[in-house]
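As a plain string of letters, each chain reads:
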Amino acid sequence: MTSISRFFSSRWGPIITGIFVGVIAPVLVTLGNPGNMGICVVCFSRDIAGALGLHQASVVQYIRPEIIGFVLGALIAALIFREFKPRTGSAPLVRFLLGMFAVFGALVFLGCPWRAYLRLAGGDWNAIFGIIGLIVGIGIGIGFLRMGFSLGRSRPGPKALGWVMPAIMVVLLILLIVAPQFGRDASGNPVGPIFFSAKGPGSQHAPIIIALVIGLVIGFLAQRSRFCTVGAIRDTILLRDARLLYGVLALIVVAFITNFALGQFHPGFADQPVAHTDSLWNFAGMALAGLAFTLAGGCPGRQLFLSGEGDGDAAVFVSGMIVGAGIAHVYTIASSPSGVAAFGPITVIVGLVVCIVIGLTMREAKA
Amino acid sequence: MSDITTVDARGLSCPQPPMLALQAMKKLGKGEMEVLVDTVAARENVSRAAKGAGWDVTVEEQPGGYYRIALKK
(Lines give C-alpha, C1' and ligand atoms only; values in the text may rest on other atoms or scores of the structure.)
Protein backbone atom coordinates (compact mmCIF):
# COMPACT_ATOMS: atom_id res chain seq x y z
CA MET A 1 0.00 0.00 0.00
CA THR A 2 2.78 2.42 0.93
CA SER A 3 4.64 1.67 -2.29
CA ILE A 4 1.48 2.42 -4.31
CA SER A 5 1.08 5.67 -2.36
CA ARG A 6 4.71 6.56 -2.95
CA PHE A 7 4.35 5.91 -6.67
CA PHE A 8 1.28 8.14 -6.96
CA SER A 9 2.81 10.95 -4.91
CA SER A 10 5.88 10.89 -7.16
CA ARG A 11 6.09 12.70 -10.47
CA TRP A 12 4.53 9.60 -12.08
CA GLY A 13 1.12 9.90 -10.38
CA PRO A 14 -0.09 12.92 -12.35
CA ILE A 15 1.61 11.61 -15.53
CA ILE A 16 -0.26 8.28 -15.33
CA THR A 17 -3.52 10.15 -14.66
CA GLY A 18 -2.84 12.50 -17.57
CA ILE A 19 -2.03 9.61 -19.91
CA PHE A 20 -5.24 7.80 -18.91
CA VAL A 21 -7.38 10.91 -19.49
CA GLY A 22 -5.48 11.62 -22.72
CA VAL A 23 -6.37 8.20 -24.12
CA ILE A 24 -9.86 7.86 -22.72
CA ALA A 25 -11.32 11.35 -23.38
CA PRO A 26 -11.01 11.07 -27.18
CA VAL A 27 -12.31 7.49 -26.93
CA LEU A 28 -15.38 8.80 -25.06
CA VAL A 29 -15.97 11.12 -28.04
CA THR A 30 -15.80 8.12 -30.38
CA LEU A 31 -18.27 6.34 -28.08
CA GLY A 32 -20.76 9.19 -28.28
CA ASN A 33 -19.72 12.23 -26.22
CA PRO A 34 -19.75 15.62 -28.02
CA GLY A 35 -16.69 16.69 -30.04
CA ASN A 36 -13.57 17.52 -28.00
CA MET A 37 -15.76 16.94 -24.93
CA GLY A 38 -14.67 13.51 -23.73
CA ILE A 39 -14.39 15.15 -20.34
CA CYS A 40 -15.52 18.67 -19.45
CA VAL A 41 -16.37 19.19 -15.81
CA VAL A 42 -18.13 22.52 -16.40
CA CYS A 43 -20.07 21.40 -19.50
CA PHE A 44 -21.12 18.24 -17.69
CA SER A 45 -22.20 20.24 -14.63
CA ARG A 46 -24.23 22.40 -17.02
CA ASP A 47 -25.84 19.29 -18.54
CA ILE A 48 -26.70 18.04 -15.05
CA ALA A 49 -28.21 21.44 -14.17
CA GLY A 50 -30.34 21.18 -17.31
CA ALA A 51 -31.38 17.59 -16.61
CA LEU A 52 -32.59 18.71 -13.18
CA GLY A 53 -34.61 21.50 -14.80
CA LEU A 54 -32.45 24.34 -13.44
CA HIS A 55 -32.33 25.67 -17.00
CA GLN A 56 -34.45 24.89 -20.06
CA ALA A 57 -31.82 24.94 -22.79
CA SER A 58 -33.17 21.75 -24.35
CA VAL A 59 -29.94 20.86 -26.18
CA VAL A 60 -27.77 20.57 -23.04
CA GLN A 61 -29.67 18.40 -20.57
CA TYR A 62 -28.23 15.08 -19.38
CA ILE A 63 -26.99 13.56 -16.13
CA ARG A 64 -23.35 12.84 -16.95
CA PRO A 65 -22.14 9.63 -15.29
CA GLU A 66 -18.52 10.79 -15.57
CA ILE A 67 -19.16 13.42 -12.87
CA ILE A 68 -20.78 10.84 -10.59
CA GLY A 69 -17.78 8.57 -11.17
CA PHE A 70 -15.29 11.34 -10.35
CA VAL A 71 -16.77 11.83 -6.87
CA LEU A 72 -17.36 8.15 -6.10
CA GLY A 73 -13.96 7.07 -7.49
CA ALA A 74 -12.24 9.63 -5.26
CA LEU A 75 -14.36 8.42 -2.32
CA ILE A 76 -13.27 4.80 -2.90
CA ALA A 77 -9.59 5.81 -3.14
CA ALA A 78 -9.86 7.96 -0.01
CA LEU A 79 -11.50 5.13 1.95
CA ILE A 80 -8.95 2.51 0.84
CA PHE A 81 -5.98 4.75 1.61
CA ARG A 82 -7.48 6.16 4.82
CA GLU A 83 -7.72 9.72 3.55
CA PHE A 84 -11.49 10.10 3.90
CA LYS A 85 -11.62 13.12 6.15
CA PRO A 86 -14.85 15.11 6.52
CA ARG A 87 -14.07 18.80 6.99
CA THR A 88 -15.69 22.18 6.34
CA GLY A 89 -15.83 25.78 7.49
CA SER A 90 -13.46 27.57 5.12
CA ALA A 91 -15.69 30.38 3.81
CA PRO A 92 -18.32 28.14 2.17
CA LEU A 93 -20.44 31.07 0.93
CA VAL A 94 -17.46 32.64 -0.85
CA ARG A 95 -16.65 29.26 -2.37
CA PHE A 96 -20.23 29.01 -3.66
CA LEU A 97 -19.80 32.39 -5.38
CA LEU A 98 -16.41 31.37 -6.80
CA GLY A 99 -17.99 28.18 -8.19
CA MET A 100 -20.70 30.25 -9.87
CA PHE A 101 -18.34 32.79 -11.39
CA ALA A 102 -15.85 30.12 -12.48
CA VAL A 103 -18.67 28.47 -14.42
CA PHE A 104 -19.84 31.77 -15.93
CA GLY A 105 -16.32 32.38 -17.25
CA ALA A 106 -15.86 28.82 -18.46
CA LEU A 107 -19.25 28.83 -20.25
CA VAL A 108 -18.35 32.05 -22.08
CA PHE A 109 -15.31 30.13 -23.39
CA LEU A 110 -17.29 26.86 -23.61
CA GLY A 111 -15.18 24.59 -21.50
CA CYS A 112 -13.35 24.13 -18.23
CA PRO A 113 -9.53 23.79 -18.14
CA TRP A 114 -9.88 20.04 -18.83
CA ARG A 115 -11.77 20.76 -22.03
CA ALA A 116 -9.50 23.68 -22.94
CA TYR A 117 -6.58 21.23 -23.06
CA LEU A 118 -8.70 18.61 -24.87
CA ARG A 119 -9.88 21.20 -27.43
CA LEU A 120 -6.26 22.12 -28.08
CA ALA A 121 -5.39 18.44 -28.50
CA GLY A 122 -8.23 18.11 -31.02
CA GLY A 123 -6.88 20.97 -33.15
CA ASP A 124 -9.31 23.67 -31.96
CA TRP A 125 -6.96 26.67 -32.00
CA ASN A 126 -9.55 28.88 -30.27
CA ALA A 127 -8.49 27.02 -27.15
CA ILE A 128 -5.12 28.79 -27.31
CA PHE A 129 -6.78 32.08 -26.34
CA GLY A 130 -8.69 30.32 -23.58
CA ILE A 131 -5.51 28.74 -22.18
CA ILE A 132 -3.64 32.06 -22.30
CA GLY A 133 -6.59 33.59 -20.41
CA LEU A 134 -6.48 30.72 -17.93
CA ILE A 135 -2.77 31.33 -17.26
CA VAL A 136 -3.39 35.07 -16.81
CA GLY A 137 -6.28 34.39 -14.38
CA ILE A 138 -4.15 31.95 -12.40
CA GLY A 139 -1.35 34.55 -12.37
CA ILE A 140 -3.69 37.16 -10.86
CA GLY A 141 -4.79 34.61 -8.25
CA ILE A 142 -1.14 33.91 -7.39
CA GLY A 143 -0.66 37.65 -6.84
CA PHE A 144 -3.47 37.60 -4.26
CA LEU A 145 -2.04 34.46 -2.58
CA ARG A 146 1.34 36.21 -2.27
CA MET A 147 -0.42 39.22 -0.74
CA GLY A 148 -1.88 37.00 1.98
CA PHE A 149 -5.22 35.98 0.47
CA SER A 150 -6.84 33.09 2.34
CA LEU A 151 -10.33 31.66 2.63
CA GLY A 152 -9.44 30.62 6.16
CA ARG A 153 -9.25 27.21 7.78
CA SER A 154 -11.53 24.23 7.53
CA ARG A 155 -12.24 22.22 10.68
CA PRO A 156 -12.78 18.48 11.02
CA GLY A 157 -16.49 17.74 10.57
CA PRO A 158 -18.78 14.89 11.52
CA LYS A 159 -18.31 11.66 9.52
CA ALA A 160 -21.80 12.03 8.05
CA LEU A 161 -20.85 15.33 6.42
CA GLY A 162 -18.36 13.59 4.14
CA TRP A 163 -21.05 11.24 2.86
CA VAL A 164 -23.44 13.97 1.71
CA MET A 165 -21.84 14.65 -1.69
CA PRO A 166 -21.34 10.94 -2.48
CA ALA A 167 -25.00 10.37 -1.51
CA ILE A 168 -26.12 13.18 -3.84
CA MET A 169 -24.12 11.49 -6.63
CA VAL A 170 -25.83 8.15 -5.95
CA VAL A 171 -29.21 9.91 -6.15
CA LEU A 172 -28.14 11.47 -9.48
CA LEU A 173 -27.20 8.00 -10.73
CA ILE A 174 -30.64 6.68 -9.77
CA LEU A 175 -32.30 9.66 -11.49
CA LEU A 176 -30.19 8.97 -14.60
CA ILE A 177 -31.31 5.36 -14.74
CA VAL A 178 -34.97 5.85 -13.73
CA ALA A 179 -35.43 9.23 -15.49
CA PRO A 180 -38.82 9.91 -13.86
CA GLN A 181 -41.40 11.72 -16.01
CA PHE A 182 -44.13 12.73 -13.56
CA GLY A 183 -44.93 16.11 -15.10
CA ARG A 184 -47.30 16.78 -18.00
CA ASP A 185 -47.06 19.59 -20.51
CA ALA A 186 -50.06 21.53 -21.91
CA SER A 187 -50.92 18.77 -24.36
CA GLY A 188 -50.55 16.02 -21.74
CA ASN A 189 -47.17 14.65 -22.77
CA PRO A 190 -44.89 13.44 -19.96
CA VAL A 191 -42.26 16.02 -19.06
CA GLY A 192 -39.76 16.36 -16.20
CA PRO A 193 -38.75 16.53 -13.45
CA ILE A 194 -35.74 14.99 -15.21
CA PHE A 195 -35.02 16.34 -18.71
CA PHE A 196 -32.80 14.66 -21.30
CA SER A 197 -31.92 16.34 -24.60
CA ALA A 198 -33.37 14.76 -27.74
CA LYS A 199 -30.85 16.63 -29.91
CA GLY A 200 -27.69 18.70 -29.48
CA PRO A 201 -24.68 18.02 -27.24
CA GLY A 202 -26.88 16.81 -24.37
CA SER A 203 -28.12 13.96 -26.55
CA GLN A 204 -24.57 12.89 -27.38
CA HIS A 205 -23.17 10.56 -24.79
CA ALA A 206 -21.21 7.38 -24.34
CA PRO A 207 -23.05 4.35 -22.86
CA ILE A 208 -23.86 4.95 -19.18
CA ILE A 209 -21.90 2.04 -17.74
CA ILE A 210 -18.74 2.83 -19.74
CA ALA A 211 -18.85 6.53 -18.82
CA LEU A 212 -19.45 5.68 -15.16
CA VAL A 213 -16.56 3.19 -14.97
CA ILE A 214 -14.21 5.63 -16.71
CA GLY A 215 -15.29 8.34 -14.27
CA LEU A 216 -14.61 6.01 -11.34
CA VAL A 217 -11.11 5.19 -12.61
CA ILE A 218 -10.28 8.86 -13.20
CA GLY A 219 -11.65 9.77 -9.76
CA PHE A 220 -9.52 7.06 -8.16
CA LEU A 221 -6.31 7.99 -10.04
CA ALA A 222 -6.79 11.71 -9.49
CA GLN A 223 -7.47 11.36 -5.77
CA ARG A 224 -4.22 9.45 -5.38
CA SER A 225 -2.11 11.69 -7.63
CA ARG A 226 -3.76 15.06 -6.68
CA PHE A 227 -4.17 15.71 -10.43
CA CYS A 228 -5.28 19.32 -10.93
CA THR A 229 -5.48 21.22 -14.20
CA VAL A 230 -5.17 24.59 -12.45
CA GLY A 231 -2.66 23.55 -9.78
CA ALA A 232 -0.43 22.44 -12.67
CA ILE A 233 0.10 26.03 -13.78
CA ARG A 234 -0.18 27.57 -10.29
CA ASP A 235 2.46 25.36 -8.66
CA THR A 236 4.87 25.78 -11.56
CA ILE A 237 4.76 29.57 -11.22
CA LEU A 238 4.30 29.94 -7.46
CA LEU A 239 6.30 27.01 -6.05
CA ARG A 240 8.60 26.19 -8.99
CA ASP A 241 7.11 22.69 -8.73
CA ALA A 242 6.22 21.18 -12.12
CA ARG A 243 4.92 17.85 -10.79
CA LEU A 244 1.27 18.52 -11.71
CA LEU A 245 2.30 20.26 -14.93
CA TYR A 246 3.81 17.02 -16.24
CA GLY A 247 0.36 15.45 -15.80
CA VAL A 248 -1.33 18.12 -17.89
CA LEU A 249 1.38 17.97 -20.56
CA ALA A 250 1.00 14.18 -20.69
CA LEU A 251 -2.76 14.67 -21.11
CA ILE A 252 -2.35 17.09 -24.02
CA VAL A 253 0.31 15.05 -25.86
CA VAL A 254 -1.48 11.71 -25.44
CA ALA A 255 -4.90 13.21 -26.33
CA PHE A 256 -3.34 14.69 -29.47
CA ILE A 257 -1.92 11.30 -30.49
CA THR A 258 -5.19 9.51 -29.69
CA ASN A 259 -7.26 12.07 -31.62
CA PHE A 260 -4.90 11.68 -34.55
CA ALA A 261 -5.16 7.89 -34.45
CA LEU A 262 -8.96 8.04 -34.25
CA GLY A 263 -9.25 10.58 -37.08
CA GLN A 264 -10.60 13.20 -34.68
CA PHE A 265 -7.84 15.77 -35.14
CA HIS A 266 -9.20 18.70 -37.17
CA PRO A 267 -6.92 21.73 -36.94
CA GLY A 268 -8.35 25.24 -37.39
CA PHE A 269 -10.40 28.01 -35.87
CA ALA A 270 -13.70 27.73 -37.74
CA ASP A 271 -16.40 25.09 -37.32
CA GLN A 272 -14.94 23.46 -34.23
CA PRO A 273 -17.38 21.36 -32.18
CA VAL A 274 -19.19 23.25 -29.38
CA ALA A 275 -16.92 26.28 -29.75
CA HIS A 276 -16.98 29.84 -31.07
CA THR A 277 -14.24 32.02 -32.55
CA ASP A 278 -14.49 35.18 -30.42
CA SER A 279 -10.87 35.29 -29.22
CA LEU A 280 -11.30 38.22 -26.83
CA TRP A 281 -14.07 36.57 -24.83
CA ASN A 282 -12.47 33.13 -25.07
CA PHE A 283 -9.51 34.78 -23.37
CA ALA A 284 -11.46 36.87 -20.83
CA GLY A 285 -13.91 34.08 -19.92
CA MET A 286 -11.07 31.74 -19.02
CA ALA A 287 -9.18 34.51 -17.20
CA LEU A 288 -12.21 34.80 -14.90
CA ALA A 289 -12.41 31.01 -14.54
CA GLY A 290 -8.67 30.71 -13.84
CA LEU A 291 -8.84 33.39 -11.16
CA ALA A 292 -11.91 31.87 -9.48
CA PHE A 293 -10.44 28.34 -9.51
CA THR A 294 -7.14 29.61 -8.08
CA LEU A 295 -8.87 31.48 -5.25
CA ALA A 296 -10.86 28.32 -4.47
CA GLY A 297 -7.71 26.15 -4.44
CA GLY A 298 -8.12 23.98 -7.53
CA CYS A 299 -9.74 23.15 -10.85
CA PRO A 300 -13.33 21.89 -11.13
CA GLY A 301 -12.16 18.28 -11.34
CA ARG A 302 -10.08 18.68 -8.20
CA GLN A 303 -13.13 20.17 -6.42
CA LEU A 304 -15.09 17.00 -7.28
CA PHE A 305 -12.27 14.73 -6.07
CA LEU A 306 -11.94 16.73 -2.84
CA SER A 307 -15.69 16.55 -2.25
CA GLY A 308 -15.39 12.77 -2.65
CA GLU A 309 -12.78 12.60 0.11
CA GLY A 310 -15.00 14.55 2.51
CA ASP A 311 -14.17 18.19 1.83
CA GLY A 312 -17.48 19.95 2.48
CA ASP A 313 -16.14 23.29 1.22
CA ALA A 314 -15.22 21.79 -2.16
CA ALA A 315 -18.73 20.30 -2.23
CA VAL A 316 -20.17 23.81 -1.77
CA PHE A 317 -18.01 25.00 -4.68
CA VAL A 318 -19.44 22.15 -6.81
CA SER A 319 -22.97 23.18 -5.79
CA GLY A 320 -22.11 26.73 -6.87
CA MET A 321 -20.97 25.37 -10.24
CA ILE A 322 -24.22 23.48 -10.87
CA VAL A 323 -26.45 26.39 -9.76
CA GLY A 324 -24.25 28.81 -11.71
CA ALA A 325 -24.55 26.65 -14.83
CA GLY A 326 -28.34 26.84 -14.51
CA ILE A 327 -28.21 30.63 -14.14
CA ALA A 328 -25.79 30.93 -17.07
CA HIS A 329 -28.38 29.44 -19.42
CA VAL A 330 -31.45 31.10 -17.93
CA TYR A 331 -29.86 34.56 -18.24
CA THR A 332 -28.11 34.06 -21.61
CA ILE A 333 -24.61 34.26 -20.18
CA ALA A 334 -23.32 31.00 -21.71
CA SER A 335 -21.99 31.19 -25.26
CA SER A 336 -23.13 28.97 -28.11
CA PRO A 337 -21.34 27.86 -31.29
CA SER A 338 -22.81 30.96 -32.97
CA GLY A 339 -20.89 33.21 -30.57
CA VAL A 340 -20.92 35.02 -27.27
CA ALA A 341 -24.37 35.48 -25.69
CA ALA A 342 -26.07 38.78 -24.79
CA PHE A 343 -24.95 38.95 -21.16
CA GLY A 344 -21.70 36.96 -21.43
CA PRO A 345 -19.23 39.86 -21.64
CA ILE A 346 -20.80 41.99 -18.89
CA THR A 347 -21.00 38.95 -16.62
CA VAL A 348 -17.29 38.24 -17.15
CA ILE A 349 -16.48 41.84 -16.20
CA VAL A 350 -18.71 41.71 -13.10
CA GLY A 351 -17.16 38.34 -12.21
CA LEU A 352 -13.63 39.69 -12.50
CA VAL A 353 -14.55 42.63 -10.23
CA VAL A 354 -16.16 40.32 -7.66
CA CYS A 355 -13.17 37.93 -7.69
CA ILE A 356 -10.70 40.81 -7.36
CA VAL A 357 -12.64 42.17 -4.37
CA ILE A 358 -12.62 38.66 -2.84
CA GLY A 359 -8.88 38.41 -3.54
CA LEU A 360 -8.17 41.73 -1.89
CA THR A 361 -10.41 41.36 1.14
CA MET A 362 -10.37 37.74 2.28
CA ARG A 363 -7.70 37.23 4.94
CA GLU A 364 -7.41 34.65 7.66
CA ALA A 365 -9.12 35.91 10.82
CA LYS A 366 -6.76 36.11 13.77
CA ALA A 367 -7.92 34.01 16.67
CA MET B 1 6.42 22.51 21.38
CA SER B 2 9.51 24.60 21.89
CA ASP B 3 10.43 28.08 20.70
CA ILE B 4 11.32 26.96 17.17
CA THR B 5 9.48 28.45 14.20
CA THR B 6 6.10 26.81 13.71
CA VAL B 7 3.95 27.14 10.60
CA ASP B 8 0.45 25.95 11.42
CA ALA B 9 -1.06 25.17 8.03
CA ARG B 10 -3.83 22.93 9.31
CA GLY B 11 -7.12 23.42 7.50
CA LEU B 12 -5.69 25.65 4.78
CA SER B 13 -6.39 25.05 1.07
CA CYS B 14 -3.85 24.44 -1.68
CA PRO B 15 -1.32 25.96 -2.23
CA GLN B 16 -1.07 27.69 1.14
CA PRO B 17 0.67 24.92 3.17
CA PRO B 18 3.75 24.58 0.90
CA MET B 19 3.73 28.33 0.12
CA LEU B 20 3.73 29.38 3.80
CA ALA B 21 6.29 26.69 4.65
CA LEU B 22 8.62 27.88 1.88
CA GLN B 23 8.26 31.50 3.01
CA ALA B 24 9.21 30.49 6.56
CA MET B 25 12.17 28.39 5.34
CA LYS B 26 13.43 31.32 3.30
CA LYS B 27 13.11 33.66 6.28
CA LEU B 28 14.86 31.26 8.64
CA GLY B 29 17.66 30.42 6.21
CA LYS B 30 18.81 27.41 8.20
CA GLY B 31 18.14 25.77 11.53
CA GLU B 32 15.09 23.87 12.74
CA MET B 33 11.42 24.50 12.19
CA GLU B 34 8.14 22.63 12.07
CA VAL B 35 5.07 22.67 9.87
CA LEU B 36 1.68 21.34 10.99
CA VAL B 37 -0.73 20.03 8.34
CA ASP B 38 -3.88 17.93 8.52
CA THR B 39 -4.18 16.29 5.09
CA VAL B 40 -1.94 13.78 3.37
CA ALA B 41 -1.86 15.94 0.24
CA ALA B 42 -0.54 18.92 2.24
CA ARG B 43 1.97 16.62 3.99
CA GLU B 44 3.29 15.44 0.61
CA ASN B 45 3.38 18.97 -0.83
CA VAL B 46 5.24 20.48 2.15
CA SER B 47 7.70 17.56 2.31
CA ARG B 48 8.44 17.81 -1.41
CA ALA B 49 8.90 21.59 -1.24
CA ALA B 50 11.23 21.32 1.76
CA LYS B 51 13.34 18.55 0.20
CA GLY B 52 13.56 20.62 -2.97
CA ALA B 53 14.93 23.51 -0.90
CA GLY B 54 17.54 21.23 0.68
CA TRP B 55 15.97 20.61 4.10
CA ASP B 56 15.92 17.31 6.00
CA VAL B 57 12.33 16.20 6.48
CA THR B 58 10.91 14.07 9.29
CA VAL B 59 7.17 13.43 9.46
CA GLU B 60 5.44 12.48 12.71
CA GLU B 61 1.77 11.59 12.91
CA GLN B 62 0.20 13.34 15.89
CA PRO B 63 -2.80 12.30 17.98
CA GLY B 64 -5.84 14.24 16.78
CA GLY B 65 -5.32 13.40 13.12
CA TYR B 66 -2.65 15.82 12.00
CA TYR B 67 1.00 15.68 11.01
CA ARG B 68 4.06 17.45 12.36
CA ILE B 69 6.71 17.92 9.70
CA ALA B 70 10.07 18.66 11.32
CA LEU B 71 12.53 20.47 9.06
CA LYS B 72 16.25 20.80 9.61
CA LYS B 73 19.04 22.43 7.63
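Residues numbered from 1 in each chain as written. Chains lettered and ligands numbered in written order. Predicted model: local features only at pLDDT ≥ 70, side-chain atom pairs only at ≥ 80, totals over all residues.

Considerations on the overall build of chain B
A tally of helices and strands in chain B yields two helices and four strands. Its helices and strands taken in sequence order, chain B reads β-α-β-α-β-β from the N to the C terminus. Taken over C-alpha atoms, the radius of gyration comes to 11 Å for chain B, in line with the 11 Å a tight globule of 73 residues would show. Counting only C-alpha atoms, chain B reaches 30 × 25 × 15 Å along its principal axes. A total of 73 residues make up chain B; the buried ones form 45% of that total. Long-range pairs, those at least 24 residues apart, make up 56% of the contacts in chain B between residues at least 6 apart in sequence. (Helix = DSSP H or I, 4+ residues; strand = E, 2+ residues; numbered from the N terminus. Rg over C-alpha atoms; globule rule 2.2 N^0.38 Å. Buried ≥ 20, exposed ≤ 12 C-beta atoms within 10 Å, placed from the backbone. Contact = placed C-beta atoms within 7 Å.)

Side note on the overall build of chain A
Tallying secondary structure elements over chain A gives 15 helices and four strands in all. The 367 residues of chain A split such that 58% are buried. Of the contacts made within chain A by residues no fewer than 6 positions apart, 81% connect residues no fewer than 24 positions apart.

Considerations on helix α7 (residues 126–146) of chain A
Its 21 residues place the ends of α7(A) 31 Å apart at the C-alpha level, agreeing with the 30 Å of an ideal helix rising 1.5 Å per residue. Just downstream of α7(A), A:G148 is the residue with a positive phi angle, here 105°. (Expected span 1.5 Å × (residues − 1).)

Considering the interface of chain A and chain B
At the junction of the two partners, chain A supplies 20 residues and chain B supplies 17 residues. Secondary-structure elements contributing two or more residues to the side of chain A that touches chain B are β2 (155–156) and α10 (231–238) of chain A. For the side of chain A that touches chain B, the leading source of residues is α10(A), giving four residues.

Re the packing of helix α13 (residues 300–308) of chain A against helix α14 (residues 312–330) of chain A
Residues and elements named next belong to chain A. Closest axis-to-axis distance for the α13/α14 pair is 8 Å, and the angle between their directions is 130°. Between α13 and α14, the angle falls in the class oblique. Every pair of crossing elements has a handedness; the one defined by α13 and α14 is left-handed. Packed against α13, whose contacting residues are P300, Q303, L304, L306 and S307, the element α14 presents A314, A315, F317, V318 and M321 at the interface. Of the residues assigned to the contact of α13 with α14, the class counts are eight nonpolar, two polar and no charged. (Axes fitted to C-alpha atoms, helices over the stretch in contact; angles between N-to-C directions. Parallel < 35°, antiparallel > 145°, perpendicular 65-115°, else oblique. Left-handed = near helix turned anticlockwise from the far one by under 90°. Nonpolar A, V, L, I, M, F, W, Y, C, P; charged D, E, K, R; others polar.)

Thoughts on the nonpolar core
Side chains of a nonpolar character, in soluble globular proteins, are inclined to be buried together. Core analysis: the largest hydrophobic core is formed by 139 residues, its most contacted members being A:A74, A:V103, A:F104, A:L107, A:L288 and A:A292. The dominant element in this core, judged by the number of residues it contributes, is helix α5 (residues 92–109) of chain A, at 13 residues. (Core = buried A, V, L, I, M, F, W, Y, C linked by C-beta atoms within 7 Å.)

Focus: unusual backbone geometry
Cis geometry marks the peptide bond from A:G192 to A:P193; its omega dihedral reads 5°. Structurally, A:P193 can be placed in the loop between β4 (190–191) and α9 (208–225). Note the cis peptide between B:C14 and B:P15, where omega equals 0°. Within the secondary structure layout, B:P15 lies in the loop between β1 (5–8) and α1 (16–28). Here the phi dihedral of A:A179 falls at roughly 45°; this positive angle occurs in a residue that is not glycine. Examined against the element boundaries, A:A179 turns out to sit in the loop between α8 (159–178) and β3 (183–184). A tally of 13 C-beta atoms within 10 Å means that A:A179 is categorised as partly exposed. Positive phi outside glycine occurs at A:T332, with the angle close to 45°.

Looking at the sheet that holds strand β3 (residues 56–62) of chain B
Residue and element names in this part refer to chain B. Pairing within the open sheet is mixed, and its four strands lie in the order β1-β2-β4-β3. Edge positions in the sheet fall to β1 and β3, since each has one partner strand and no second. Averaged over all adjacent pairs, the angle separating strand axes in this sheet is 20°, with direction ignored. (Pairing = 2+ DSSP bridges.)

Observations regarding the pairing of strand β2 (residues 32–37) of chain B
Residue and element names in this part refer to chain B. Of all six residues in β2, five are buried, a share of seventy percent or more. Following the backbone out of β1, through α1 and into the adjacent parallel β2, one traces a crossover that is right-handed. The pairing of β2 with strand β4 (residues 66–72) spans six bridges and is antiparallel. Each residue of the ladder has a partner; that of E32, found in β4, is K72. (Right-handed = clockwise from strand over helix to strand, strands pointing away.)

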